[in-house]
Amino acid sequence: MGKDKQEFVAHITPREEDFSRWYTDIILKTDLVDYSPVRGSMVIKPYGYGIWENIQEELDGRFKATGHKNAYFPLFIPESLLQKEADHVEGFAPEVAWVTHGGNEKLTERLVVRPTSETIICAMYAKWVQSYRDLPILYNQWCNVVRWEKTTRPFLRTLEFLWQEGHTVHATEEEAQEETMKMLEVYREFAENVLAIPVVTGKKTEKEKFAGAVSTYTIEALMQDGQALQAGTSHNLGQHFAKVFDIEYLDRDGQQKYVWQTSWGVTTRLIGAVIMVHGDERGLVLPPKVAPVQVVMVPIAIHKDGVLEKANEVFDELKAAGFRVELDDRDTQSVGWKFNEWEMKGVPLRLEIGPKDIEKNQVVLVRRDNHKKSFVPMDRLADTVATLLDEVHSGLYEKALAMREAHTHIAHNMDEFKDALENKKGFVKALWCGDRECEDSIKDQTGASARCMPLDEEPWEGNCICCQEKAQHMIYFARAY
RNA sequence: CGGGGUGUAGCGCAGCUUGGCAGCGCGUCUCGUUCGGGACGAGAAGGUCGCAGGUUCAAAUCCUGUCACCCCGACCA
């Protein structure tokens, strides 16, 4: 190694010093995004968009496998449609962007730029649903949405962001609830098996649920600074929208009935979660399944006879085996420079190949997560790469899980609650009576919001941490993004 | 939306107190030597000093306004 570790990363702010700056340094220096001329809006550059494309591919496959189809609904929603569902308008009105003019002419009815598409989709569903034979409808769309936020941060909160929104229609309440939970489970499995992020699955409180939903379920992840991040939500909409949009069907029994609906979504915010869960002092650490480059090849002594030729052979072989591989054959940067650059960019595996390796018919593979080096015979390369990528994934997941467990505390009273939040950071589990007043009070006193009521919880008994009345729920609290 | 901070070359910064030729490091380009953890030499290009007003013979520097970004809080994916 020779040189001081510090030297490699002198230009990234250390995490302990300032987590926010560390985050900003990384996203800019690794070319994930750039700030745009529009306040609060970002450009997602190819390296960042590549992560999103992989997320899309993984999720889209899961949606299709569970019977969903993609469609596309319009960006513009007439004001009158948004107004229909009272809670929904109230929730979104403060942050919608309005279109008031077409060209030079004032519109007779203002349009909102979708902050979410429930209303326009429901307006269409009302036309499409006639009979129980039309159900269920299982549609999803990939699109952008706009929410006029006051405070913005790349990936975590921007005026415009990319997401997927599923909107389903069912004949029965049970079926809608089943769908809600099914998609929550898709998100959980995806977060853990693709992003290597352990999540707490649970139900939102009335205060925190989606505007217009009967109930909202969530996957909550814990970032390295101890703050929670809502990583995906699945809503049981009940019949709220069906009733205001008149989505009715004629059932087998000859009765007109209102449908039952769900919606669910995840956003480009997931990329922020990946950064804040896995990143380290050297920069990004990307989970292999979404990394735009899974293996970066750095040829050594590139000018020497045969090196580049052999490197290209290996490149072709790995490419053919289905890996996302990149050969860094620039002769303008030194080898050491490339090592540091690609580590900062979070590439899971580095492959070194030089004259000595070629002589021994081997390559050198180095893991991004623990920097372990292995010498691998050429003829076992593809299998070894696959194995190592799996190991990186598991390593990241285990590390993230250990981090979360070390930062999940139980509080039996407000003092313990405050102590855990201030001094230990992370999730604080506590009992709650179910009253909004106590939830508000806890947030006022501590800054922590109710993240969710976990789905899998050991039996418990006790009193509300705030008012001492008999508790109704176990809650995960945390400061959150 | 409140409190604090920062805007000068692609990036990081100095210059501002006390107005007087716009600088430094890195990067970029050319040529050569190098290559197993951020190489070296020589030469070159690159700036409406965030933007708009004002004061002045003269403004990066002083004054007013405005915008953007960052940090800390209240609202949200």
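The shown structure was predicted, so the numbers you read here are calculated from the model rather than taken from an experiment. (Residues numbered from 1 in each chain as written. Chains lettered and ligands numbered in written order. Predicted model: local features only at pLDDT ≥ 70, side-chain atom pairs only at ≥ 80, totals over all residues. Heavy atoms only, no water.)

Describing the sheet that holds strand β19 (residues 373-377)
Note the following rule: Think of it this way: DSSP has to see at least two bridges between two strands before they count as a pair. Helix and strand labels come from DSSP, where a helix needs a run of H or I of at least four residues and a strand needs a run of E of at least two; each type is numbered from the N terminus. Note on geometry: axes are C-alpha line fits, over the in-contact stretch for helices, and angles between N-to-C directions span 0 to 180 degrees.
With mixed pairing, five strands are arranged side by side in an open sheet as β16-β15-β17-β18-β19. Two strands in the sheet have a free side with no partner beyond their single neighbour: β16 (325-327) and β19. Mean inter-strand twist for the sheet, computed between neighbouring axes without regard to direction, equals 25 degrees. Bridge count between strand β18 (residues 362-367) and β19: five bridges; the pairing is antiparallel. For Leu365, the partnering residue across the bridge sits in β19 and is Ser374.

Re the domain arrangement of chain A
What counts, and what does not: The source of the domain bounds is an automatic or database domain assignment.
By the assigned domains, chain A splits into domain 1 (19-278), domain 2 (295-388) and domain 3 (408-478). On a C-alpha basis, the centroid separation for the pair domain 2 and domain 3 is 49 Å.

Some details on the state of the cysteines
Worth spelling out the cut-off: A pair of sulfur atoms, both from cysteines and within 2.5 Å, is called a disulfide here. For each residue, the accessible area found with a 1.4 Å probe, counting protein chains only, is set against the maximum for its type, and the residue is called buried under 20%, exposed over 50%, and partly exposed in between.
Following the criterion strictly, the structure yields zero disulfides and no others. Unpaired in terms of disulfides, Cys438 finds its nearest cysteine sulfur in Cys467, a separation of 3.7 Å. Residue classification places Cys438 among the buried positions, given a relative accessible area of 7%. Left without a disulfide partner, Cys464 is nearest to the cysteine sulfur of Cys467, which lies 3.8 Å away. In this structure Cys464 comes out as buried when scored by relative accessible area, which is 0%.

Looking at the nonpolar core
Which entries qualify depends on this criterion: Residues belong to a common nonpolar core when they are buried Ala, Val, Leu, Ile, Met, Phe, Trp, Tyr or Cys residues joined through side-chain atoms within 4.5 Å. Throughout, a residue-residue contact means that at least one pair of heavy atoms, one from each residue, lies within 4.5 Å.
In terms of nonpolar packing, the biggest core is built from 56 residues, with Leu32, Ile55, Leu59, Phe155, Leu195 and Ile275 touching the most fellow members. Among the elements that make up this core, the one with the highest residue count is helix α9 (residues 269-278) (seven residues). Summarising the domain contributions, this core has at least three residues from each of domain 1 (19-278) and domain 2 (295-388). Other than its neighbours up to four places away in sequence, Leu59 contacts Trp142, Val186, Tyr187, Phe190 and Val266. Residues Val169, Ala211, Ala213 and Tyr249 belong to the second largest nonpolar core, which totals 27 residues.

Some details on the sheet that holds strand β22 (residues 449-454)
Sheet strands pair by backbone hydrogen bonding; their relative direction is either parallel or antiparallel. With mixed pairing, the 11 strands of this open sheet are ordered in space as β3-β7-β8-β14-β11-β10-β9-β22-β23-β21-β20. Only two strands of the sheet have a single partner each, and these edge strands are β3 (69-70) and β20 (408-410). Bridge count for strand β11 (residues 228-238) against strand β14 (residues 260-267) is five bridges, and the pairing is antiparallel. Across the sheet, Asn236 pairs through a bridge with Thr262, a residue of β14. Lying on the sheet, α9 is in contact with β10 (215-222), β11 and β14; it crosses β11 at an angle near 145 degrees.

A few points about the pattern of salt bridges
Stated formally: Counted as salt bridges are all cases of a side-chain nitrogen of Lys or Arg within 4 Å of a carboxyl oxygen of Asp or Glu.
Considering all chains together, one arrives at 28 salt bridges under this definition. Ionic pairing is found between Lys257 and Asp251, a salt bridge with its closest N-O pair at 2.7 Å. You can call Lys257 partly exposed: its relative accessible area is 28%. Beyond isolated ion pairs, a larger network of salt bridges with shared partners links Arg282, Glu343, Arg350 and Glu352.

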